[in-house]
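Fold and geometry: a report
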Amino acid sequence: MIREAEVVVIGGGVHGTSAAYHLARAGKQVVLVERETIGSGASGQSGGIIRCHYSNETMVRLAHRAAVRWPGLADELGHPVDYVRNGMVVNVAEEDADNMRRIVEMQQRVGVDTRVVAPDEVRRWIPEFRADGLALATYEAQAGYADPYSTAVAFARKARELGAQVLTGTTVTGIELDGTAVRAVVTDKGAIRTPVVVNCAGAWADRIARMVGVEIPVRPGLLQMVAFNPRYPGWTGTSPTWTDMTTMTYCRPDTAGLMLAGGGLSENEALETEDLDPDSYPSRPPDMFEAEIYENLTRRCPWAEDMRRVRSWAGPDGNSPDYHLIFGPVPGIRGYLQVVGGSGNSFKLSPATGEAVAEYVTTGTCTYLDLEAFSLARFEKDRPFRGGYRMHIVG
Ligand SMILES: Cc1cc2nc3c(=O)[nH]c(=O)nc-3n(C[C@H](O)[C@H](O)[C@H](O)COP(=O)(O)OP(=O)(O)OC[C@H]3O[C@@H](n4cnc5c(N)ncnc54)[C@H](O)[C@@H]3O)c2cc1C
């Protein structure tokens, strides 16, 4: 096993593999350490939705930075990521209509191809859509989806082709410090001397942070999805992703025309309260979750009433208190960097987070990612991300 590296990245999800790829592309000698297999954490279970519809400008800018790269990512990496551009509809009731108008204006200023539409107009993209009780909707033309597992594998493969070492089946058990500077990453297969370590350990990130004496407010939480077969010719692989803000439910097609759905009020409540062990969690959502999602979808899409459940699954992600990423260094620990707190919405950001890691490691700064806004210190300073909607499903 390699014993020395310029950078060690911990975690083979989309953030770790993207970081390894961008670091290798920048000429760094990098080792990626993954305790199981690439994509075995949240990244392998993700819904894979790619959108810029966030309600605060900092997040929109980061999502947009990533969004413009998704269509060309497979060519860039030389491996498939199964990206499909399908557009996205978001709808709100009256209490969020003014918020939506403000948010869409802000997104347009950033450069997102999105617009406000009347709820009835949604039928252009979702046939027979029942718009009763809704006040407003948006259509984001450049939204899409990709296969999260393939994406993690593609980043890792390209990183390896560029000279990175990718160690799977290898667990990080400690980080050695020289005073307050990182000296080595200790694994169950031996130590790797390095001045820089990047914590991309998802739902396990707090354990890695503790190895350098840092407490991070990242709690493992469970996200769940169910795949239905709508058996309806009007729903295809390019039907739009749809988020109903009134029920916090979302769905998107897959390339075979299934409908992959998640969210719901009960999952959201559980995220606030549950105490999850990321090493032991139910791999299937409870029937109650599936019933709630089914009801929320069919309320607006009558043609979905006959749809058949195909499968369902769950995966753990690291949640931060404001449900947004924590990115960057931690003052007082030289050589420690973290991309943590994916909070159920960070897959789409991965092309941009890896790029930011490489820029930070090579230059000591980030030109497009707001280090202050994404810092761990934002919680102490009472400056968390604040959502612009009453419901926080889109962030
Ligand atoms: C069901 C579900 C649906 C989602 N839907 C979407 C969506 O539609 N759009 C979106 O943008 N986001 C979505 N997300 C969120 C997104 O998938 C995650 O935020 C993102 O994948 C997190 O990536 P990661 O690299 O931080 O973590 P992970 O993919 O969890 O990777 C962390 C890795 O670290 C490894 N690790 C842990 N401890 C150690 C150790 N000691 N040594 C070595 N390795 C270690 C783990 O094995 C794991 O592979 C969803 C998530 C889930 C679970």
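Residues numbered from 1 in each chain as written. Predicted model: local features only at pLDDT ≥ 70, side-chain atom pairs only at ≥ 80, totals over all residues. Heavy atoms only, no water.

Inspection of the entire model under this criterion finds eight aromatic pairs. Relative to Phe347, the ring of Trp70 has its centre 5.1 Å away and its plane inclined at 40 degrees; by these criteria the two rings are tilted. Here Phe347 lies in the loop between β20 (333–340) and α9 (350–363) and Trp70 lies in helix α3 (residues 70–77), a separation of 277 residues in the sequence. Assigned by exposure class, Trp70 and Phe347 land together as buried. Taken together, the ring pairs in this structure connect Tyr232, Trp235 and Trp303 into an aromatic cluster. Against the face of Tyr54 rests Arg51, its NZ or CZ located 4.4 Å from the ring centre. The positively charged end of Arg311 is found above the aromatic ring belonging to Trp313, 4.1 Å away from the centroid. (Phe/Tyr/Trp six-rings, centres within 6.5 Å; stacked < 30°, edge-to-face > 60°. Helix = DSSP H or I, 4+ residues; strand = E, 2+ residues; numbered from the N terminus. Buried < 20%, exposed > 50% of the residue type's maximum accessible area, 1.4 Å probe, protein only. Lys NZ or Arg CZ within 6 Å of the ring centre and 35° of its normal.)

This part is about the state of the cysteines. Tallied over the full model, the rule gives zero disulfides. Unpaired in this structure, Cys200 has its nearest cysteine sulfur neighbour in Cys366, at a distance of 13 Å. Here Cys251 stays unpaired: no disulfide links it, and the sulfur of Cys301, its closest cysteine neighbor, is 6.6 Å away. Judged by relative accessible area, Cys251 falls into the buried class, the value being 0%. (Disulfide = S-S within 2.5 Å.)

Without other data, these values stay purely geometric and don't point to any function.
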